[in-house]
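Report on the structure
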Amino acid sequence: MKELSMIVDNYLPLRDLVFITLREAILQGKLEPGERLMEIALAEQLGVSRTPIREAIRKLELEGLVTNIPRKGAMVAEITLKDLRDVLEVRRNLENLAVKLACEKATPEDIAELKQLHLNFKDTVDKGHLTAVTEADVKFHDKIYQITDNKRLIQILNNLREQMYRYRFEYIKDEINRGVLIDEHAMIIEAIENKDVEKAKKYSELHIDNQEKTIEAKIITK
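Residues numbered from 1 in each chain as written. Predicted model: local features only at pLDDT ≥ 70, side-chain atom pairs only at ≥ 80, totals over all residues. Heavy atoms only, no water.

This next bit is on the overall build of the protein. Across its full length, the protein carries nine helices and two strands. Mapped from its N terminus to its C terminus, the protein presents α and β elements in the order α-α-α-β-β-α-α-α-α-α-α. Expected size for 222 residues packed as a compact globule is a radius of gyration near 17 Å; at 18 Å, the protein falls within 12% of this value. Referenced to the eigenvectors of the C-alpha coordinate spread, the extents of the protein come out at roughly 55 × 40 × 35 Å. Evaluated residue by residue, the protein yields a buried proportion of 46% over its 222 residues. (Helix = DSSP H or I, 4+ residues; strand = E, 2+ residues; numbered from the N terminus. Rg over C-alpha atoms; globule rule 2.2 N^0.38 Å. Buried < 20%, exposed > 50% of the residue type's maximum accessible area, 1.4 Å probe, protein only.)

Here it is as structure tokens:
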């Protein structure tokens, strides 16, 4: 296990800091796929008790970043083609519904907020911090979900978002993909603003298809 350092943030509870630290370590490859997560060793390295480590591991399981295998314990999950395709198949269909509803319900204020989030995303890309870019992408899509005003759909998409995070992060690692995202976000906004459901679906599907193809290629070449 590579040396880990606790993320410093005086405004967050300890359990959240431990969770964010371990998630970053997995996403950045400091904790590698298949590596066992030993509670005692992690607790000693981060200078905390085993309780926040255990809580963080449970949350990481929900995100699909960790798997718990009987008699072996928790380990960093592998990225598999099957998991990727399963998650994106669900996301593709749910986001089709989301952009359709957004076309029907978006107000001028919603469009203005989407455009501001798009600008924020571009600014974050320019600064280049990987986690911040990923979070800005999440916020953009979250706004589209909110516009639907469908609580059940929002809840399901939020649950799926946790499982999507790793794939989103993996895609955004390559700088060239960040420019593609900027263009695709702009096209999605324009379609929603014009209430063009077919174009909104088309661009939403393109958005996800590009992500799937890129990550598939990475998995295959590993």
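So that's the structure; there's more coming.
It is worth spelling out the layout of surface pockets at this point. Its boundaries defined by the atoms lining it, the largest pocket holds a volume of some 170 Å³. Around the largest pocket sit Glu63, Gly64, Thr67, Ala77, Glu78, Ile79, Thr80, Asp83, Val87, Gln163, Arg166 and Tyr167, which together line it. Mapped by element, the contributors of at least two residues to the lining of the largest pocket are α4 (81–105) and α7 (151–172). Classifying every residue of the lining of the largest pocket gives four nonpolar, four polar and four charged. (1 Å grid on protein atoms, 1.4 Å probe; cavity = no way out; pocket = protein on both sides within 12 Å on 5 of 7 lines; lining within 4 Å. Points joined across faces, edges and corners; volume = space filled by probe spheres on them. Nonpolar A, V, L, I, M, F, W, Y, C, P; charged D, E, K, R; others polar.)

The next point concerns the confidence of the model for the protein. For the protein, per-residue confidence averages 92 on the pLDDT scale, and 99% of positions sit at 70 or higher. When pLDDT is averaged over each helix and strand of the protein, the minimum, 89, is found for α7 and the maximum, 97, for helix α5 (residues 108–127). (pLDDT = per-residue confidence, 0-100.)

Here we come to the nonpolar core. Ranked by internal contacts, the top residues of the largest apolar core, which has 65 residues, are Leu22, Leu31, Leu37, Ile53, Ile144 and Ile192. Sequence-distant contacts of Leu37, defined by excluding residues within four places in its chain, comprise Leu31, Leu42, Ile57, Val66, Ala74, Met75 and Val76. (Core = buried A, V, L, I, M, F, W, Y, C linked by side-chain atoms within 4.5 Å. Contact = heavy atoms within 4.5 Å.)

For His141, the position within the fold is in helix α6 (residues 130–148). Residue classification places His141 among the buried positions, given a relative accessible area of 1%. With residues up to four places along the chain from it excluded, the contact list for His141 reads Arg91, Glu95, Arg168, His185 and His207.

In this section: the environment of Lys139. Residue placement: Lys139 occurs in helix α6. Residue Lys139 is classed as exposed on the basis of its relative accessible area of 54%. Along the sequence, Lys139 and Tyr171 sit 32 residues apart, while their C-alpha atoms lie 16 Å from each other.

This paragraph deals with empty space enclosed by the protein. Scanning the entire structure with this criterion turns up two cavities of 30 Å³ or more. The volume enclosed by the largest cavity comes to roughly 80 Å³. Considering the residues around the largest cavity, the lining is formed by Arg91, Glu95, Val138, His141, Asp142, Tyr145, Leu157, Leu160, Arg161, Met164 and Arg168. Counting residues per element, the ones that place at least two in the lining of the largest cavity are α4, α6 and α7. Partitioning the lining of the largest cavity into residue classes produces five nonpolar, one polar and five charged. Taken as a whole, the second largest cavity spans an internal volume of roughly 30 Å³. Along its surface, the second largest cavity is lined by Arg91, Asp137, Arg168, Tyr171, Leu181, His207 and Gln211. When contributions to the lining of the second largest cavity are tallied by element, the ones reaching two or more residues are α7 and α9 (197–221). Within the lining of the second largest cavity, the residues separate by chemical class into two nonpolar, two polar and three charged.

For the rest of this paragraph, the subject is the packing of α5 against α6. In contact at an axis separation of 9 Å, α5 and α6 are set at 170 degrees when each is read in the N-to-C sense. Classified by the interaxial angle, the pair formed by α5 and α6 is roughly antiparallel. Only Ala132, Val133, Ala136, Asp137, Lys139, Phe140, Lys143, Ile144 and Ile147 of α6 make contact with α5, whose side of the interface consists of Asp110, Glu113, Leu114, Leu117, His118, Phe121, Thr124 and Val125. (Axes fitted to C-alpha atoms, helices over the stretch in contact; angles between N-to-C directions. Parallel < 35°, antiparallel > 145°, perpendicular 65-115°, else oblique.)

Per the counting criterion, the structure on display carries 18 salt bridges. Arg50 is the salt-bridge partner of Glu39, the closest N and O atoms lying 3.2 Å from each other. In this pair, Glu39 is assigned in helix α2 (residues 39–46) and Arg50 in helix α3 (residues 50–62), connecting sequence segments 11 residues apart. Linked through salt bridges whose partners overlap, the residues forming this network are Glu170, Lys173, Asp174 and Lys218. (Salt bridge = Lys/Arg side-chain N within 4 Å of Asp/Glu carboxyl O.)

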